[in-house]
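Secondary and tertiary structure notes
Below, each chain spelled out in residue letters.
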Amino acid sequence: MVSGKHIPPGFPALVPYLTVDEPERLVAFAKGAFHAEEIEDQQAEHPAGKVVHAALRVEGCVIETGRASVEWKAMPGAIHLYVRDVDAVYDRALKAGGVSLHGVKEMDYGERACAVRDPCGNLWYIAPFTGRA
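The structure presented is a predicted model; accordingly, all values stated were derived computationally and were not measured.

1. Describing the overall build of the protein chain
Scanning the protein chain from terminus to terminus reveals two helices and nine strands. Relative to its length of 133 residues, the protein chain is compact, with a C-alpha radius of gyration of 15 Å against a globular reference of 14 Å. Oriented by its inertia axes, the alpha-carbon framework of the protein chain measures out at about 50 × 35 × 25 Å. Residues counted as buried form 39% of the 133 residues belonging to the protein chain. Here the analysis covers contacts within the protein chain between residues at least 6 apart in sequence; of these, 50% occur between residues at least 24 apart. Of the roughly 7,900 Å² of accessible surface on the protein chain, a fraction of 56% belongs to carbon and sulfur atoms.

Take a look at the structure:
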């Protein structure tokens, strides 16, 4: 972890940022699917009560999300997430509102993986680390 006053405590220097129409939906999905933890002091709300920014910790990593606007359009991203139990995470992702792009299967290169689209349109490729470099 890099330390410095220009980086929030507990954050790495590089953080994926997902711009979505409804950050609350992404937060709920990540909590249900990946047991994400919301970083409370990083949440910002519009005076009307809508979340405009949130940060989550997933498997020790940070992902930020923000509400799309006229200047900042929603733009789906793609995330490769390493997990311990791909079957359990796949099941939780579907229960949390994800749509299967492909179920858990052996890939051509020997990795056992799945892929899910979250309710905000982001793609999650989910697999355990197999030790191959």
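From this point, the narrative continues.
2. Brief notes about helix 2 (residues 86-95)
Listing the buried residues of helix 2 in full gives Val86, Val89, Tyr90 and Ala93. Buried residues of helix 2 fall within an arc of 100° about the axis and therefore sit on the same side. Next to the buried residues of helix 2 lie helix 1 (23-34), strand 7 (99-106), strand 8 (112-117) and strand 9 (123-127). For helix 2, the side-chain oxygen to backbone nitrogen distance between the N-cap and aspartate 87 is 3.2 Å, and the N-cap itself is aspartate 85. Just downstream of helix 2 lies glycine 97, where phi reads positive at about 105°.

Basis of the calculations
- Residues numbered from 1 in each chain as written.
- Predicted model: local features only at pLDDT ≥ 70, side-chain atom pairs only at ≥ 80, totals over all residues.
- Heavy atoms only, no water.
- Helix = DSSP H or I, 4+ residues; strand = E, 2+ residues; numbered from the N terminus.
- Rg over C-alpha atoms; globule rule 2.2 N^0.38 Å.
- Buried < 20%, exposed > 50% of the residue type's maximum accessible area, 1.4 Å probe, protein only.
- Contact = heavy atoms within 4.5 Å.
- Areas by Shrake-Rupley, 256 points an atom, 1.4 Å probe, with all protein chains shown as cover.
- Arc of directions from axis to C-beta.
- Polar contact = N/O pair within 3.5 Å; in protein donor to acceptor, adjacent residues only side chain to side chain.

Just distances and angles here, no functional claims.
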